[in-house]
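Residue-level listing of the chains:
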2 protein chains.
Amino acid sequence: MAEHTVKAFDEDITRLRGLIAELGGLAELAISQALEAIVTGDEELAREVVERDAKMDALEAEVDAMAVRVLALRAPMADDLREIIAALKIAGVVERIGDYAKNIAKRTGRIEGRSRFEPLTLLPAMGEVAAEMVHDVLTAYAARDPIVAREVIARDAKVDAFYDSIFRNLVSYMVENPATISSAAQLLFVARNIERIGDHATNVAEMVHFAAVGSYPSDIER
Amino acid sequence: MAEHTVKAFDEDITRLRGLIAELGGLAELAISQALEAIVTGDEELAREVVERDAKMDALEAEVDAMAVRVLALRAPMADDLREIIAALKIAGVVERIGDYAKNIAKRTGRIEGRSRFEPLTLLPAMGEVAAEMVHDVLTAYAARDPIVAREVIARDAKVDAFYDSIFRNLVSYMVENPATISSAAQLLFVARNIERIGDHATNVAEMVHFAAVGSYPSDIER
């Protein structure tokens, strides 16, 4: 490619990466606000999270459209091409993380007697770990840093441990208080959604690792 | 493009579409076998579903690699470019549908006293609707048929109705039989996973519709 074309391509990539950073910021915000809504029962805040999801969908569509334009105009090869494909895939995963946060927020109105549930203190802690994973994996993506990517992958075990603990806790709560089973089931889904957010952050971390060093982290089970 | 290049491109697309059809066939099989394993408690079959998921991951990777190769070699424009991007996205979604089936299969060993659960008759019926959606949306994709795509989207309401009914059923079961709450919670997750499969089939249907007529079906809420 001629030099001016290379520069234009780099600008395109920078713009793409900026859009993905914005998408990631919205995902983090959605996770923490969704859990705040669940814990406090703030349905106004829950509605905000649900409505802002459309902004994430639009950003993903913008990434897609831009990637298609770059592919069409610049017909990049090898590493540059892989970079564009990675951007497409990562945008898709981050948008899905936003969907999980939206699903969490939607349960806000369906939980009764929230002061009695111990998991309501565990869930925000679990959500914080998941939101940090999302934050750090996008830092790893921006810096093309395989070390940070591996740290994110390792941290998924912490999210899984939270999930197991919350699951056991909620089931024993259900056994003791059958009248609240329906609310407890909603909290189970919340825990499950956070666990899936951790999985998706892990998937992105694996893509970042792959893009940086050409292999998947071999000693960590997928 | 010169005529021989056009022919080569068409062959590439045909091969890509063949890989996606194969992926879809495996997803359908995974859904029905996962539910059979859940209903009968057949852990051997469940293991088969889990192991075969690696084959789906490999097929998705093959679609990705082939798409990258086609983009690099042929630098397609406009419709052809969108076709490749659609193949990338659809392969990703179908692979994720396989993940949901794997998640269902993994719960096989965690359900006790299965003969007592009424949802064990509803879940396979629900799974059948979801598997049919996956089958039909890939038919719609192969035939670029927006009518079939719209039918798939409309059918998602049926899956949602199944989910609501199974949720209510399981919660009342939990209330009456607290000792089986843990098993019932597993069945809730199974229902939720099938519901997500329906959502993903709907997403693919929307992509197919978009690719065919250039707009999303407007009268159906996403």
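Residues numbered from 1 in each chain as written. Chains lettered and ligands numbered in written order. Predicted model: local features only at pLDDT ≥ 70, side-chain atom pairs only at ≥ 80, totals over all residues. Heavy atoms only, no water.

### Regarding the UniProt feature "domain: PhoU" (unreviewed entry) in chain A
All names here are of chain A. Per the UniProt annotation, the sites labelled "domain: PhoU" (unreviewed entry) are residues 20-108 and 125-208. Helix makes up 92% of residues 20-108 and strand 0%, whereas the separation of the span's terminal C-alpha atoms amounts to 28 Å. With 93% helix and 0% strand, residues 125-208 has end C-alpha atoms that lie 26 Å from one another. (UniProt positions renumbered as here; feature names shortened; annotations may be inferred. Helix = DSSP H or I, 4+ residues; strand = E, 2+ residues; numbered from the N terminus.)

### Digging into the relation of the copies chain A and chain B
One copy of the chain maps onto the second through a rotation about an axis and a displacement along it. Aligned on chain B, chain A shows an RMSD of 0.0 Å; the corresponding rotation is 180 degrees and the shift along the axis is 0.0 Å. The relationship between the two copies is best expressed as a two-fold rotation axis. For chain A, the smallest separation between a C-alpha atom and the rotation axis is recorded for A:Ala75, amounting to 2.7 Å. Most of the interface of chain A is mirrored in chain B, where 97% of its interface residues again form contacts. (Least-squares fit on C-alpha atoms with pLDDT ≥ 70 in both. Contact = heavy atoms within 4.5 Å.)

### Quick notes on the interface of chain A and chain B
Contacts between the two partners involve 31 residues from chain A and, on the opposite side, 31 residues from chain B. Summing both partners gives a buried area of about 2800 Å² for chain A against chain B, and 67% of it is carried by carbon and sulfur. It is A:Lys89, A:Ile181 and A:Phe189 that lose the most area in chain A upon contact with chain B, and together they represent 18% of the buried surface on that side. Measuring nitrogen to oxygen at the nearest pair gives 3.1 Å for the salt bridge that ties A:Glu60 to B:Lys89. (Buried area = accessible area lost by both parts, 1.4 Å probe. Salt bridge = Lys/Arg side-chain N within 4 Å of Asp/Glu carboxyl O.)

### Let's talk about the environment of B:Asp64
Mapped onto the elements of the fold, B:Asp64 is located in helix α2 (residues 43-74). Exposure remark for B:Asp64: the relative accessible area of 15% places this residue in the buried category. When the C-alpha positions of B:Asp64 and B:Lys7 are compared, they lie 21 Å apart, and in sequence the two are 57 residues distant. Among residues more than four places away in sequence, those in contact with B:Asp64 are A:Lys89 and B:Leu88. (Buried < 20%, exposed > 50% of the residue type's maximum accessible area, 1.4 Å probe, protein only.)

### Considerations on the packing of aromatic side chains
As enumerated under the stated definition, the model contains seven aromatic pairs over all chains in all. A centroid spacing of 6.4 Å and a plane angle of 55 degrees characterise the contact between A:Phe189 and B:Tyr163, whose relative ring orientation is tilted. Remark: B:Tyr163 occurs in helix α5 (residues 146-176) and A:Phe189 occurs in helix α6 (residues 181-213); the pair is interchain, linking two chains. B:Tyr163 carries the same exposure label as A:Phe189, and that label is buried. (Phe/Tyr/Trp six-rings, centres within 6.5 Å; stacked < 30°, edge-to-face > 60°.)

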